[in-house]
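Chain and residue survey
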Amino acid sequence: MEDGYELYRSMELWSDELRLHGYADAVELHSGVPVPIEHKRTGRHDADRQQLCAQALCLEEMYEASVDHGYLVDRTRHRRVRVSFDGKLRARTLQTIAELHAMLAEAVLPPPATDARCRNCSLIHSCLPQLTTGTKR
Ligand code: SF4
């Protein structure tokens, strides 16, 4: 128990409705209302906001509660950035989830990004994007 709220680290999340499963870095529980927290190197990408929003969608189903905001923790600047789960962000997130399920149904991986996103990606050592695209051998 922190200052007036419960803190859960590495919390398992899921949504049967959206067919999602994963983990949040942390979830704060304020009077029964969950607030997702995700640590990022910068937290400035829309993909980060969508990931946080997807966590909120899971938490809404799990807790039968409305989750209207969460926080991205910018590890570079050591600050918390509030993210509001407004209609536009929810729509983009649901669109990405739909595209993800379509991709999984086709069992075809998209081509690797091989751009600036790879520098901060935790998967770079298993993905090896420059090898799989043939830009560097
Ligand atoms: S390292 Fe692979 S998974 Fe990560 S951003 Fe680049 S292409 Fe995508």
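Refer to the structure printed above.
Residues numbered from 1 in each chain as written. Predicted model: local features only at pLDDT ≥ 70, side-chain atom pairs only at ≥ 80, totals over all residues. Heavy atoms only, no water.

A few points about the site of the ligand
Neighbouring the ligand are Pro112, Ala113, Cys118, Cys121, Ile124, Cys127 and Pro129. Looking at the shell around the ligand, its residues break down into 7 nonpolar, no polar and no charged. (Near = heavy atom within 4 Å. Nonpolar A, V, L, I, M, F, W, Y, C, P; charged D, E, K, R; others polar.)

Points about the pairing of strand 2 (residues 20-30)
The side chains of a regular strand alternate between both faces of the sheet. Pairing of strand 1 (residues 6-15) with strand 2, which is carried by 9 bridges, proceeds in the antiparallel orientation. The partner of Met11 across the bridge, within strand 2, is Ala24. Hairpin geometry of strand 1 and strand 2 is characterised by an intervening segment of 4 residues between the two adjacent antiparallel strands and by a positive phi of about 55 degrees at Arg19. Relative to strand 3 (residues 33-40), strand 2 runs antiparallel, the two sharing 5 bridges. Opposite Glu28, over in strand 3, you have Val35 as the bridge partner. Taken together, strand 2 and the strand that follows it, strand 3, pair antiparallel across an intervening segment of 2 residues, in which Ser31 is found at a positive phi of about 50 degrees. (Pairing = 2+ DSSP bridges. Helix = DSSP H or I, 4+ residues; strand = E, 2+ residues; numbered from the N terminus.)

Quick look at helix 1 (residues 46-63)
Helix length check: helix 1 (18 residues) gives 25 Å between terminal C-alpha atoms against 26 Å at 1.5 Å per residue, within 8%. When helix 1 is considered as a whole, its buried residues turn out to be Asp48, Gln50, Leu52, Cys53, Ala54, Gln55, Ala56, Leu57, Cys58, Leu59 and Glu60. Looking at the buried side of helix 1, the elements it contacts are strand 1, strand 2, strand 3, strand 4 (69-74), strand 5 (79-84) and helix 2 (87-106). Backbone geometry just after helix 1 places Glu64 at a positive phi near 50 degrees. (Expected span 1.5 Å × (residues − 1). Buried < 20%, exposed > 50% of the residue type's maximum accessible area, 1.4 Å probe, protein only. Contact = heavy atoms within 4.5 Å.)

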